[in-house]
Amino acid sequence: MILPLVSICIPTYNGFLYLNDALESVKEQNYTNIEVIISDDTSKDNTLELVKEFKKKVAFPVNVYHHKPKGIGANWNHCIRKSNGKYIKFLFQDDILLPTCVEDMVNILEANDSVGLVTSKRSFIMDENYTFAGMDEWIENFKDLQRNLNLKFENGLSIIDKGLFKSNEFLRSPLNKIGEPSVIMFRKEVIGKVGYFREDLHQILDYEFCYRILKKQKIAIINKNLVKFRLHAMQATNINRGLNEDTGDTIKYQKILYNEYLRYLNKYNRIHFLKKYNLFYRLYYLIKRKLKI
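Residues numbered from 1 in each chain as written. Predicted model: local features only at pLDDT ≥ 70, side-chain atom pairs only at ≥ 80, totals over all residues. Heavy atoms only, no water.

Some thoughts on the nonpolar core
Counting 42 residues, the largest nonpolar core has Phe90, Leu117, Phe165, Phe170, Ile178, Phe186 and Tyr211 as its most contacted members. If you list the elements that add at least two residues to this core, you get helix H3 (72-82), strand E4 (87-90), helix H6 (191-194), helix H7 (205-216), strand E9 (218-231), helix H9 (245-260) and helix H10 (267-277). In terms of residue count, the dominant contributor to this core is H7 (7 residues). Not counting residues up to four positions away in its chain, the partners in contact with Phe170 are Leu164, Phe165, Leu175, Lys177, Tyr211, Tyr253, Leu257 and Leu265. (Core = buried A, V, L, I, M, F, W, Y, C linked by side-chain atoms within 4.5 Å. Buried < 20%, exposed > 50% of the residue type's maximum accessible area, 1.4 Å probe, protein only. Helix = DSSP H or I, 4+ residues; strand = E, 2+ residues; numbered from the N terminus. Contact = heavy atoms within 4.5 Å.)

Given below as structure tokens:
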């Protein structure tokens, strides 16, 4: 049987400190038909030298593409555009894939035509001496993104559809119910249906992209850890938070939900957004409330 090609996309920027661990985890995959796509945002450290040395040690293609920095979303999209695989598997420069990750995800996608994206559970790698206020509470809340969805797993797998948008949990924390890019794999063909990652977003572009896929196709969730997600001070998430990029994303996300997801939401959330963004609806409720007085 010919195995479908998987493009492991690694967007990089000054990733030398952790990148070797990420690349070694690719080399340890028991799935063999892979290519590595590196899109580098003009790294100033030894990132590209490390990739050059790695390329000498492996039999699969490792392709490096230079990218003019335009934000993380642009770098992610550059990876996709340069890829050749049937499936796209992101891996961030500071994360690690467990040896069966690619194989397990490919098997799910090959067996389920209605599934456009597959994700899994993940564990955390905590950098030594890295801490932040409320860290223990954060880890408890975010260690299992689907914990509050009451999913039913059969043979270690649960498949969700756009009914998630009607759930009372959809707009409750954590807003990301799917997973970070290192945890997902998707069919490259879905790009033609939903588009690329939004480049005007900084913090939430990963799950905004996943939810666009969920409107078109189902998402499968593997109930085991297949990725190690590293927490450290230089994560893009922490840097963007320091720049208050998450605040701007929150405002944009609310408007995205109103403009693009309103009909998928439950009645309570639909009314909430109509009151917030629809002038005629606000006037209607204002008049209705006055008439009751």
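Quick word on the pattern of salt bridges
Under the definition given, this model contains 15 salt bridges. Linking Glu140 and Arg147 is a salt bridge whose minimum nitrogen-to-oxygen distance equals 3.0 Å. A residue is classified by how much of its surface remains accessible, and Glu140, at 37% relative accessible area, is partly exposed. Among the ionic contacts, a cluster of salt bridges with common partners joins Asp21, Asp127 and Arg230. (Salt bridge = Lys/Arg side-chain N within 4 Å of Asp/Glu carboxyl O.)

Points about helix H1 (residues 16-27)
Helix length check: H1, at 12 residues, gives a terminal C-alpha distance of 17 Å against a target of 16 Å (1.5 Å per residue), a fit within 8%. For H1, the set of buried residues is Tyr18, Leu19, Ala22, Leu23, Ser25 and Val26. Looking straight down H1, one finds that the buried residues subtend no more than 155° of arc, so they occupy a single side. Packing partners of the buried residues in H1 comprise strand E1 (6-12), strand E2 (34-40), helix H2 (47-57), strand E5 (96-97) and E9. (Expected span 1.5 Å × (residues − 1). Arc of directions from axis to C-beta.)

Let's talk about the packing of aromatic side chains
Following the criterion strictly, the structure yields 23 aromatic pairs and no others. Centroid distance Tyr258 to Tyr277: 5.3 Å. Interplanar angle 35°. Geometry classified as tilted. With Tyr258 in helix H9 and Tyr277 in helix H10, this residue pair connects regions lying 19 residues apart in the sequence. Classification of Tyr258 by relative accessible area gives buried; the value is 18%. In this structure Tyr277 comes out as partly exposed when scored by relative accessible area, which is 25%. One aromatic cluster is present, built from ring pairs that chain together Phe165, Phe170, Tyr207, Tyr211, Tyr253, Tyr261 and Tyr264. Cation over ring: Arg81 sits above Tyr196, and NZ or CZ is 4.2 Å from the ring centre. Here the guanidinium or amino end of Arg122 rests over the ring plane of Phe229, the centre of that ring lying 5.9 Å away. (Phe/Tyr/Trp six-rings, centres within 6.5 Å; stacked < 30°, edge-to-face > 60°. Lys NZ or Arg CZ within 6 Å of the ring centre and 35° of its normal.)

Notes on the state of the cysteines
Within this structure, the stated rule accounts for 0 disulfides. Between Cys79, a cysteine without a disulfide, and Cys9, which holds the nearest cysteine sulfur, the sulfur-to-sulfur distance is 4.8 Å. For Cys79, a relative accessible area of 0% gives the class buried. This cysteine, Cys101, is not joined by any disulfide, and Cys9 carries the nearest cysteine sulfur, 13 Å off. Given a relative accessible area of 0%, Cys101 falls into the buried group. (Disulfide = S-S within 2.5 Å.)

Quick look at the environment of His78
Among the secondary structure elements, His78 is positioned in helix H3. For His78, a relative accessible area of 15% corresponds to the buried category. For the pair His78 and Lys288, spaced 210 residues apart in sequence, the C-alpha separation works out to 51 Å. Leave out the neighbours within four places in its chain, and His78 touches Ser39, Tyr65, His66 and His67.

Points about empty space enclosed by the protein
All told, the structure shown has 2 cavities of 30 Å³ or more when counted by the stated rule. The calculated volume of the largest cavity comes to roughly 40 Å³. Lining the largest cavity are Ser120, Lys121, Arg122, Lys143, Asp144, Leu145, Gln146 and Ile178. Of the residues contributing to the lining of the largest cavity, the split by class is 2 nonpolar, 2 polar and 4 charged. Estimates place the volume of the second largest cavity at around 30 Å³. (1 Å grid on protein atoms, 1.4 Å probe; cavity = no way out; pocket = protein on both sides within 12 Å on 5 of 7 lines; lining within 4 Å. Points joined across faces, edges and corners; volume = space filled by probe spheres on them. Nonpolar A, V, L, I, M, F, W, Y, C, P; charged D, E, K, R; others polar.)

Let's talk about the confidence of the model for the protein
Per-residue confidence for the protein gives a mean pLDDT of 93; residues scoring 70 or more make up 95%. The low-confidence segment residues 238-244 (pLDDT under 50) makes 11 contacts with residues lying over four places distant or belonging to another chain. (pLDDT = per-residue confidence, 0-100.)

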